[in-house]
Amino acid sequence: MATLLLLPGDGIGPEVCAEVRRVAAALVPNLNVEEAIYGGASYDAHGTPLTDEVRDRALASDAVLMGAVGGPKWADAPRHLRPEAGLLNLRKAMNVYANLRPAYCFEALAGASSLKTELVSGLDIMFVRELVGGVYFGEPRGIDTLPDGQKKGYDTALYTTSEIERAGRVAFELARGRKNKVHSAEKSNVMESGLLWKQVITELHAREYPDVELEHILADNCAMQLVRAPKQFDVIVTDNLFGDILSDAAAMLTGSLGMLPSAAIGDPGRPGLYEPIHGSAPDIAGKGVANPLAAILSFEMALRWSLKEVEAADRLLAAVKGALDSGARTRDLGGELTTVQMGDAVLCRI
Ligand SMILES: NC(=O)C1=CN([C@@H]2O[C@H](COP(=O)(O)OP(=O)(O)OC[C@H]3O[C@@H](n4cnc5c(N)ncnc54)[C@H](O)[C@@H]3O)[C@@H](O)[C@H]2O)C=CC1
Ligand SMILES: CC(C)CC(=O)C(=O)O
Ligand SMILES: [Mg+2]
């Protein structure tokens, strides 16, 4: 029996993960769903956002699905003990270096926002965000006091050839099964790590993927093009920081940040880490109004990528589509459904 480890985390994390639990029970009753405490909740209970025990359970499971971590309550915790540090440490420990973030617009939502229907109808972008390197992990970093009393805050943006290559490979492979086009986004005009990124992707493309169309794009232009003409993109491969920001922006093309799931994968055979791309949303936490679809769709990705339950994944995707087609909308989508009611709308179609 396969094991899914649920890490609900903080804020709306437990609310959206409760819906995943209900969906999992109805859809794949033979799946062993376990749960563990993590993030700010773990810091409160154990003094650390990620205990060794939870890390080891994650590594031993078939897939991990987390809600979200963080919030103002832990803003003053030491940097290495903040909930977000627990998340970074888990990603690193699991070595899930490629974060797939699909910005897919359900047809029912294409005309629902203030965005023009023709801009987003049929939108289907796959971000491949490098997830365990770059400026979120680079050393040295810190805040030091200078001799004149000023302070200096600094981070290190660092990539190696192999880190770029393995993310690039995932992007090119994915593109081959899609529209065969990769945009590589960086800032090679101002950053050395960006220059290396461009060189390595260029060489990898020439050597192993000449059949795939490759275009290099500066990350700031990419942000603008995502808003201007998003359907020009198929696969976008980019670093940890730009991928974080560009995918949040693209979420709004799909209707809401509450719609975008993600799959973080590493080497074949290793467990994947699945998470909605949104955070713990402290502004709505505890109100029961969060959109659970990003978490439910992250479970759909777990079924597809790690648990090899493709038929169940297809059924779940159809159920989400059916719910949206019938007009089910949480507040972020302009409706009035609660988190549980949106869960019900999906469940009754499974
Ligand atoms: N993967 C993770 O665990 C992440 C954690 N964070 C953490 O979350 C905390 C809050 O960060 P924010 O900047 O506020 O970003 P956020 O993503 O939590 O929220 C941004 C806005 O989107 C809304 N939103 C997010 N998810 C939603 C959903 N499912 N349904 C409806 N509305 C939704 C929120 O209400 C808020 O107005 C911070 O501590 C941050 O570090 C942020 C991003 C990712
Ligand atoms: C460490 C996370 C809080 C960074 C983030 O926003 C994300 O991974 O989406
Ligand atoms: Mg983010």
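Everything discussed here concerns the structure shown above.
Values in this document were obtained by computation on a predicted structure and should not be read as measured data.

**Regarding the layout of surface pockets**
By rolling a water-sized probe across the atoms, one finds the places where empty space is left.
Moving on, step 1. Roughly 690 Å³ of internal volume is contained in the largest pocket.
Moving on, step 2. Taken together, 29 residues form the lining of the largest pocket, with Glu84, Leu87, Leu88, Arg91 and Tyr136 sitting closest to its centre.
Moving on, step 3. Listing elements by their share of the lining of the largest pocket, those giving two or more residues are β3 (63–68), α4 (83–94) and α10 (240–251).
Moving on, step 4. Per-element accounting of the lining of the largest pocket gives the leading share, six residues, to α4.
Moving on, step 5. Here the lining of the largest pocket is built from residues that sort into twelve nonpolar, five polar and twelve charged.
Moving on, step 6. Inspection of the lining of the largest pocket shows a minimum of three residues originating in each of domain 1 (1–108 + 261–350) and domain 2 (114–254).

**Quick look at the site of ligand 2**
Moving on, step 1. Around ligand 2, the surrounding shell consists of Glu84, Leu87, Leu88, Arg91, Arg101, Arg129, Asp244 and Ile277.
Moving on, step 2. Within the side chain of arginine 91, one N or O atom sits 2.9 Å away from an oxygen atom of ligand 2.
Moving on, step 3. Residue arginine 129 places a side-chain N or O atom 3.0 Å away from an oxygen atom belonging to ligand 2.
Moving on, step 4. Computed on the free molecule, ligand 2 has an accessible area of 290 Å², of which 75% lies beneath the protein chains in the complex.
Moving on, step 5. When atom positions are compared with the pocket grids, ligand 2 is found to occupy the largest pocket.
Moving on, step 6. Among the elements that make up the shell around ligand 2, the one with the highest residue count is α4 (four residues).
Moving on, step 7. For the shell around ligand 2, the per-class residue count stands at three nonpolar, no polar and five charged.

**Some points on the site of ligand 1**
Moving on, step 1. Near ligand 1, the surroundings consist of 22 residues, among which Val69, Glu84, Gly279, Ala281 and Asp283 are the closest.
Moving on, step 2. Between an oxygen atom of ligand 1 and a main-chain N or O atom of alanine 281, the distance comes to 2.8 Å.
Moving on, step 3. With respect to ligand 1, the backbone of asparagine 291 contributes an N or O atom lying 2.9 Å from a nitrogen atom.
Moving on, step 4. Against a free-state accessible area of 800 Å², the protein chains account for coverage of 68% of ligand 1.

**A word on the side chain of serine 247**
Moving on, step 1. Structurally, the position occupied by serine 247 is in helix α10.
Moving on, step 2. Serine 247 sits in the buried class, given a relative accessible area of 0%.
Moving on, step 3. At 3.2 Å, the side chain of serine 247 and the backbone oxygen of aspartate 244 are in polar contact.
Moving on, step 4. The residues touching serine 247, leaving out its near neighbours within four places in the chain, are Arg101, Phe127, Leu260 and Ile277.

**Side note on the environment of asparagine 291**
Moving on, step 1. You can see asparagine 291 is positioned in the loop between β12 (272–274) and α11 (293–305).
Moving on, step 2. Residue class for asparagine 291 comes out buried when judged on its relative accessible area of 5%.
Moving on, step 3. Between the C-alpha atom of asparagine 291 and that of arginine 331, which follows or precedes it by 40 residues, the distance is 7.6 Å.
Moving on, step 4. With residues up to four places along the chain from it excluded, the contact list for asparagine 291 reads Val16, Gly258, Met259, His278, Thr330, Asp332, Leu333 and Met342.
Moving on, step 5. From its side chain, asparagine 291 meets the backbone oxygen of glycine 258 in a polar contact 3.4 Å long.
Moving on, step 6. One polar contact links the side chain of asparagine 291 to the main-chain amide nitrogen of leucine 293, over a distance of 2.9 Å.

**Here we look at the packing of aromatic side chains**
Moving on, step 1. Taken as a whole and assessed by the stated rule, the structure comprises three aromatic pairs.
Moving on, step 2. Ring geometry for tyrosine 104 and phenylalanine 106: centres 5.1 Å apart, planes at 90°, overall edge-to-face.
Moving on, step 3. Residue class for phenylalanine 106 comes out buried when judged on its relative accessible area of 5%.
Moving on, step 4. Measuring from centroid to centroid gives 5.3 Å for tyrosine 159 and tryptophan 197, while their planes differ by 70°, and the two rings are edge-to-face. Highlighted residues: tyrosine 159 in the loop between β7 (151–154) and α7 (161–176) and tryptophan 197 in helix α8 (residues 192–208), separated in sequence by 38 residues. Neither tyrosine 159 nor tryptophan 197 differs from the other in exposure class; each is buried.
Moving on, step 5. Across from the ring centre of tyrosine 154, 5.1 Å away, lies the NZ or CZ of lysine 152, which sits over that ring.

Thresholds applied
Residues numbered from 1 in each chain as written. Chains lettered and ligands numbered in written order. Predicted model: local features only at pLDDT ≥ 70, side-chain atom pairs only at ≥ 80, totals over all residues. Heavy atoms only, no water. 1 Å grid on protein atoms, 1.4 Å probe; cavity = no way out; pocket = protein on both sides within 12 Å on 5 of 7 lines; lining within 4 Å. Points joined across faces, edges and corners; volume = space filled by probe spheres on them. Helix = DSSP H or I, 4+ residues; strand = E, 2+ residues; numbered from the N terminus. Nonpolar A, V, L, I, M, F, W, Y, C, P; charged D, E, K, R; others polar. Domains from an automatic or database assignment. Near = heavy atom within 4 Å. Polar contact = N/O pair within 3.5 Å; in protein donor to acceptor, adjacent residues only side chain to side chain. Areas by Shrake-Rupley, 256 points an atom, 1.4 Å probe, with all protein chains shown as cover. Sits in = over half its atoms within 2 Å of the grid points. Buried < 20%, exposed > 50% of the residue type's maximum accessible area, 1.4 Å probe, protein only. Contact = heavy atoms within 4.5 Å. Phe/Tyr/Trp six-rings, centres within 6.5 Å; stacked < 30°, edge-to-face > 60°. Lys NZ or Arg CZ within 6 Å of the ring centre and 35° of its normal.

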